[in-house]
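Listed here are the chains, written in short residue letters.
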Amino acid sequence: KYLHPINGGSVGLPLTFEWSKVNGAQFYIFELFDSKMIGIHQSNKIKDNIFTLPAEIIIKMEKNKLYYWKITAISEEGAAIKSESNAPSRFRLSE
């Protein structure tokens, strides 16, 4: 489950994303997309359930534009774990 930012919400800086832990996950992959679902950023392996977007990505983002984010939990075997967090969540970067 996505915890922050909430789906459809506006968020300011720092741009930190948080989600519920997924049972059996060894790590997570964070992905950021523009309003057309074109990939902007994909993280390396994240061990915890929180991620702060790097400044070099944030400076390329437009305020009040719609963005989507997605988390993929990866098991010990290297497979994606199906969960409600597999669907992208949307947000806007506030002024």
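Preceding block: the structure.
Residues numbered from 1 in each chain as written. Predicted model: local features only at pLDDT ≥ 70, side-chain atom pairs only at ≥ 80, totals over all residues. Heavy atoms only, no water.

Observations regarding the overall build of the protein
Counting its regular elements, the protein contains one helix and nine strands. Reading the protein from its N end, one meets helices and strands in the order β-β-β-β-β-β-α-β-β-β. Taking 95 residues into account, the globule formula puts the C-alpha radius of gyration at 12 Å, and the protein, at 13 Å, falls close to it. Considered along the principal axes of its C-alpha atoms, the protein spans approximately 40 × 25 × 25 Å. Out of the 95 residues in the protein, the part that is buried amounts to 42%. As presented, the protein carries roughly 5700 Å² of accessible surface, and 49% of it is formed by carbon and sulfur atoms. In the protein, 12 positive and 10 negative side-chain charges are present, and the distance between their average locations comes to 4 Å. (Helix = DSSP H or I, 4+ residues; strand = E, 2+ residues; numbered from the N terminus. Rg over C-alpha atoms; globule rule 2.2 N^0.38 Å. Buried < 20%, exposed > 50% of the residue type's maximum accessible area, 1.4 Å probe, protein only. Areas by Shrake-Rupley, 256 points an atom, 1.4 Å probe, with all protein chains shown as cover. Lys, Arg positive; Asp, Glu negative; His and termini not counted. Charge placed at Lys NZ, Arg CZ, Asp CG, Glu CD.)

Focus on the environment of Glu77
You can see Glu77 is positioned in the loop between β7 (66-75) and β8 (80-81). Put simply, Glu77 and Gly24 are 53 residues apart on the chain and 10.0 Å apart in space, counted from C-alpha to C-alpha.

Some details on the sheet that holds strand β6 (residues 50-52)
Reading across the sheet, the three strands line up as β1-β3-β6 and stay open at both edges, with antiparallel pairing between neighbours. Of all the strands in the sheet, the pair left with one neighbour each is β1 (2-4) and β6. Mean inter-strand twist for the sheet, computed between neighbouring axes without regard to direction, equals 25°. Pairing of β1 with strand β3 (residues 16-19), which is carried by two bridges, proceeds in the antiparallel orientation. Bridge assignment links His4 to a residue of β3, and that residue is Glu18. (Pairing = 2+ DSSP bridges. Axes fitted to C-alpha atoms, helices over the stretch in contact; angles between N-to-C directions.)

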